[in-house]
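Residue-level structural notes
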Amino acid sequence: MSGESDKLLNQTFQHLGLTFISLFLAVAIGLPLGIFIARKRKLSGSVLAVAGVLQTIPSIALLGFMIPILGIGAKPAIVALLIYALLPIIRNTYTGIVGISTEVKEAAIAMGMSKMQVLFKVELPLAMPVILAGVRTATVINVGVATLASYIAAGGLGEFIFGGISLNNTNMILAGAIPAALLAIILDAILAAIQKMNVKKFRKTLYIFPILFLVLGGFYLLPKAYGSSLTAGFTPEFMGRQDGDLGLKSVYGLKIHTIVISDAVMYQAAYEKELDIISGYSTDGRLKAFKLTILKDDKGIFPPYYAAPIIREASLKKFPELEGVLNLLAGKITDSIMTDLNYRTDYLHQTPERVAKDFLIGCGLYKSAKGGKKSVIRIGSKIFGEQYILAEMYRMLILGNTDYEVATKTGLGGTKICFDALMNDQIDFYPEYTGTGLLVLLKPDPKVSKKMAHDRDSTYQYVSRQFSQKFNIKWLKPIGFNNSYALMMRQKQSKDLDVNSITTLQQYLDKN
Amino acid sequence: MIKLEKVSKSFHNIPAVKAVSFEVKEGENLILLGTSGCGKTTTLKMINRLIAPDHGTITVNGKDIEQENPELLRRGIGYVMQNNGLFPHYTVGENIAIVPQLLKWDRKKTLDRTKALMAKLHLSDEYINLFPHELSGGQQQRVGLARALVADPAVLLMDEPFGALDNVTRASIRKEFKALEELKRKTIVMVTHDIQEAFELADRICLMDKGEIIQIGTPKSLLYQPASDFVVKFMESERRSLEFRVTTLNDLWHHLPVKNSANATVVNSDLSVWDALNCFRSVGQEIAFSTDEIQEQKSLNINDLTVAFNHYHMQYLHE
């Protein structure tokens with residue numbers, strides 16, 4: 001438990017650090033720019049428009065853009081946060097200065113003040129409440145957006161939040177979300193208080209700001225726990241799982257410098273040598289695309305993850321023909337077929353629809369849609385390529401073999417969201433993995449899970465039985481492939497270092 | 001002291017000031033008078049380089065202002081504005097001390113001068129730590145005046161200094177202004193659109209219209225030797241009261257009956273007819289004055305005054 005609270009403290013500091021380093025830079029850039037466009041008003045339109053456009057880029061997309069340029073980690077996160085903080089600061093500096101009465105400015109000039117004196121003695125102090133309001137907005141935005149920094153291995157409270165979402169662990173989500181919300185509220189209140197302070201008292205306080213920002217920013221630079229010759233990038237989900245980082249530590253005794261990163265960018269980061277070891281999925285198409293190799297799990301800590309559709313028993317009664325149709329796919333897709341299908345969507349950028357159709361035609365299962373108008377079956381999927389493809393296949397099979405209509409709700413962000421949607425009758429079925437069902441959704445006694453974790457059939461039977469009893473949800477027949485966790489590294493590096501299993505990796509790390 | 005030669009200025013190709021030339025002597029109070037948009041404020045602001053002229057030269061104290069550092073020039077010229085232009089984030093004391101600070105006076109000298117000036121301008125000591133918004137409009141305007149006067153500049157530029165005040169406050173501040181010792185030695189250029197104000201305060205008036213000077217001269221000469229119909233028309237509606245303002249009791253001496261009553265209030269012979277009329281509180285009341293040359297006193301009531309003024313006026317017009 002103390003480990004977790006250390007982690008929380010550490011993440012909070014990282015979060016503060018990210019927020020304030022970027023805020024400091026945003027003020028350092030935004031303030032002079034705001035002053036500049038207040039002088040050259042003709043430029044104000046275009047500068048504010050550009051800052052406005054930058055602001056509208058979705059945060060995850062912006063983080064994604066940064067990776068090819070700045071890699072992963074703190075740098076791209078800080079730049080992205082800086083970009084979000086820029087608009088309110090530039091705009092408020094501009095508005096604040098332009099809003100000062102022309103008489104006061106004229107008086108300042110007529111008294112014989114130089115341009116710099118007018119700026120520092122009159123314009124900035126008078127515009128300060130407005131500028132501070134901008135800094136306040138930027139701070140709150142940054143505390144929020146900084147949670148996403150964990151996607152690109154920059155740390156922060158997002159590690160808990162996204163870890164919690166993938167692990168179906170509400171406490172973990174709250175452990176990240178509550179401190180993040182509190183940070184936003186507290187910082188906002190502090191800045192609001194400063195904003196309302198008497199302008200006069202405030203003149204001296206002003207200098208505290210840059211120092212404060214730098215000190216808070218410095219939290220981020222606190223020394224990291226330990227270094228090692230190789231760097232691993234694990235997803236937030238992997239970090240918190242017994243069959244993930246925890247197992248690597250306890251079973252293999254693996255000590256490696258680890259950063260937390262989103263699986264969306266992990267493979268590319270490994271390819272670009274930002275990372276050496278990543279926690280991938282064994283059927284992921286990017287394995288092929290980025291020339292990665294799987295390290296053998298010689299002590300067997302990763303349980304099997306056989307995919308099968310799970311469906312509400314109520315839906316099975318409602319749509320009697322459905323079970324047969326969904327089982328058409330049972331046993332049809334092996335690991336290598338799935339990797340190939342994933343490769344086509346992830347790397348060749350073919351649409352999931354096309355990949356699904358090609359496959360169904362290839363094994364003679366495709367029938368054109370009957371165009372029936374009975375009732376609607378709702379298919380869910382998680383937010384990664386493989387699930388999109390499976391959802392498409394099921395859609396085509398249902399349309400081709402029954403008179404039902406289909407609504408797909410794809411891209412549900414993580415196991416918890418998907419499963420909650422199923423429990424709350426928002427969707428009828430979605431493809432789930434036996435290992436996830438066991439370890440994330442059922443969470444049995446560790447002894448129970450350990451006993452059957454490595455046996456495909458006993459896991460399947462256990463989850464089938466338990467889901468039926470506990471949730472009234474039925475596991476249909478497995479599709480065939482096993483999408484388990486796997487540690488991966490670049491093929492070339494694996495050869496160079498002669499590391500091909502987790503044990504040899506651990507031995508290599510101990511030596512270097 | 002101040003000299004403008006063929007000074008012109010256009011804004012966006014629309015001429016605002018057209019080849020204006022005039023001279024202000026040391027200690028003189030010149031008033032730029034005219035309707036809105038006549039170019040008077042532009043002319044004023046060119047003197048301390050708030051606006052740069054397109055053509056012509058301006059010299060202050062014999063030096064071409066173009067050749068001077070604008071900041072140093074402005075520190076030597078007091079400037080009073082219509083809406084006072086006080087810094088809202090500075091206290092009264094700090095506002096007044098702006099120029100001394102720029103001139104790097106020591107703290108004590110600044111404070112002594114600030115306090116002395118505030119006393120002269122009837123601003124109580126306790127205002128020194130208040131912020132401008134805590135004062136009345138009249139008090140703010142006095143602070144604005146103090147700020148302009150603090151470094152004792154030889155030249156003072158005033159842009160509608162009483163323009164934002166209500167009539168009552170305005171009249172009383174104007175009176176104080178006239179009486180202020182501090183201002184007597186100064187060369188003042190002041191802008192106003194208020195004819196009464198111009199006639200009350202000016203040594204000379206420069207009447208402007210559409211960027212040009214129509215007539216420049218003493219109030220009396222504008223009234224009695226108008227250069228054009230424009231000048232006559234400009235003053236027409238207020239002619240009678242202006243005549244009251246430019247005529248002093250001294251001027252009327254010969255038209256007043258010889259009379260001396262014991263209970264008359266003694267007044268100064270420099271008093272304008274306008275001010276003398278204001279002295280009468282009731283119809284029966286009498287005032288008395290003596291001229292400088294003859295040690296003799298004449299007393300008069302309101303009737304005597306109007307009769308004498310009419311005689312004087314008829315004679316003046318026929319001269």
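Here the structure is a predicted model, which is why all the values come from computation and not from measurement. (Residues numbered from 1 in each chain as written. Chains lettered and ligands numbered in written order. Predicted model: local features only at pLDDT ≥ 70, side-chain atom pairs only at ≥ 80, totals over all residues. Heavy atoms only, no water.)

1. Remarks on the overall build of chain A
We count it as follows: A run of DSSP states H or I qualifies as a helix once it reaches four residues; a run of E qualifies as a strand once it reaches two. Both are numbered from the N-terminal end. Here a residue-residue contact requires only that any non-hydrogen atoms of the pair lie within 4.5 Å. To measure how exposed things are, a 1.4 Å probe is used in the Shrake-Rupley method; for residues, cover is taken only from the protein chains shown. Positive charges come from Lys and Arg alone, negative charges from Asp and Glu alone, with His and the N- and C-terminal ends not counted. A single reference atom marks each charge: NZ on Lys, CZ on Arg, CG on Asp, CD on Glu.
A tally of helices and strands in chain A yields 25 helices and 10 strands. Projecting the C-alpha coordinates of chain A onto the three principal axes gives extents of approximately 90 × 65 × 40 Å. Of the contacts made within chain A by residues no fewer than 6 positions apart, 79% connect residues no fewer than 24 positions apart. Split by element, the accessible area of chain A, about 22200 Å² in all, is 60% carbon and sulfur. When the 55 positive and 39 negative side-chain charges of chain A are each reduced to one mean point, those points stand 7 Å apart.

2. Section: the confidence of the model for chain A
Defined as follows: Confidence of the predictor at the level of single residues is captured by pLDDT, which takes values from 0 to 100.
Across chain A, pLDDT averages 85, with 95% of residues at or above 70. Across residues 223-227 of chain A the pLDDT falls below 50, and counting only partners more than four positions away or on other chains, this stretch makes six contacts in the model.

3. Description of the sheet that holds strand β2 (residues 14-24) of chain B
All names here are of chain B. For clarity, the threshold we go by: Any two strands are treated as partners once DSSP identifies two or more bridges connecting them. Lines fitted to the C-alpha atoms define the axes, with helices restricted to the stretch that makes contact. Angles between their N-to-C directions range from 0 to 180 degrees.
Spatially, four strands are ordered β2-β1-β4-β5 in an open sheet, and the strand pairing comes out antiparallel. Single-partner strands in this sheet number two, and they are β2 and β5 (63-64). Here strand β1 (residues 2-11) pairs with β2 via seven bridges, running antiparallel. Residue pairing across strands places Val7 opposite Val20, the latter belonging to β2. The sheet contacts of helix α1 (residues 40-47) involve β1, β2 and β4 (55-60), and relative to β1 the element is tilted by about 120 degrees.

4. Thoughts on the nonpolar core
Selection criterion: Grouping buried Ala, Val, Leu, Ile, Met, Phe, Trp, Tyr and Cys residues that are joined through side-chain atoms within 4.5 Å yields what is termed a nonpolar core. Note on exposure labels: buried denotes an accessible area under 20% of the residue type's maximum, exposed denotes more than 50%, and partly exposed covers the range between, all computed with a 1.4 Å probe on protein chains only.
Ranked by internal contacts, the top residues of the largest apolar core, which has 122 residues, are Leu32(B), Phe87(B), Phe199(B) and Met235(B). Looking at this core, the element that brings in the most residues is helix α6 (residues 115-145) of chain A, giving 11 residues. Look past the residues within four positions of Met235(B) in its chain and what remains in contact with it is Ile195(B), Phe199(B), Leu222(B), Leu223(B) and Leu242(B). Membership of the second largest hydrophobic core comes to 90 residues, among which are Tyr84(A), Val265(A), Leu316(A) and Leu509(A).

5. Some words on the sheet that holds strand β9 (residues 204-209) of chain B
Residue and element names in this part refer to chain B. Spatially, the six strands line up as an open sheet ordered β6-β7-β8-β3-β9-β10, and their pairing is mixed. Only two strands of the sheet have a single neighbouring strand rather than two, namely β6 (77-80) and β10 (212-217). With strand direction ignored, the average angle separating the axes of adjacent strands in the sheet is 15 degrees. As judged from the five bridges shared by β9 and β10, these two strands associate in the antiparallel manner. In the strand pairing of β10, Asp209 is matched with Glu212.

6. Brief notes about unusual backbone geometry
All names here are of chain B. The residue Arg49 is not glycine, and still its phi comes out positive at about 65 degrees. Residue position: Arg49 is located in the loop between α1 and β4. Even without being glycine, Asn61 reaches a positive phi, approximately 55 degrees. Tracing the backbone shows Asn61 in the loop between β4 and β5. Asn61 gets classed as exposed once you look at its relative accessible area, which sits at 52%.

7. A few points about the interface of chain B and chain A
Counted only if it meets this: Accessible area, probed at 1.4 Å, shrinks when two parts are joined; the buried area is that loss added up over both. A carboxyl oxygen of Asp or Glu within 4 Å of a side-chain nitrogen of Lys or Arg is what we treat as a salt bridge. Asp, Glu, Lys and Arg are counted as charged, while Ala, Val, Leu, Ile, Met, Phe, Trp, Tyr, Cys and Pro are counted as nonpolar; the rest, among them Gly, fall into the polar class.
Counting residues at the interface gives 24 residues for chain B, matched by 19 residues for chain A. Among the residues of chain B in contact with chain A, Phe87(B), His89(B) and Leu102(B) are the three that bury the most area, contributing 28% of the side total. Counting every contact that joins chain B to chain A gives one salt bridge. Note that Glu106(A) and Lys45(B) form a salt bridge whose closest N and O atoms lie 2.8 Å from each other. The element contributing the most residues to the side of chain B that touches chain A is helix α4 (residues 98-102) of chain B, with four residues. Among the residues making up the side of chain B that touches chain A, the classes are represented as 12 nonpolar, six polar and six charged.

8. Description of the pattern of salt bridges
Applying the stated rule across the entire model yields 39 salt bridges over all chains. Salt-bridge contacts for Arg395(A) lead to Glu353(A); the nearest nitrogen and oxygen are separated by 3.9 Å. Here Arg395(A) is found in helix α19 (residues 385-401), whereas its partner Glu353(A) is found in helix α18 (residues 352-362), with 42 residues between them in sequence. Among the salt bridges present, the one from Lys416(A) reaches Asp420(A), with a minimum N-O distance of 3.5 Å. A residue pair is termed a helical-turn pair when its members lie 3 or 4 positions apart in one helix, as Lys416(A) and Asp420(A) do in helix α20 (residues 415-423) at four residues. Classification of Lys416(A) as buried rests on a relative accessible area of 18%. According to the relative accessible area criterion, Asp420(A) is partly exposed, its value standing at 31%. Among the charged side chains, a network of salt bridges with common partners joins Arg170(B), Arg174(B), Asp194(B), Glu197(B), Glu200(B) and Arg245(B).

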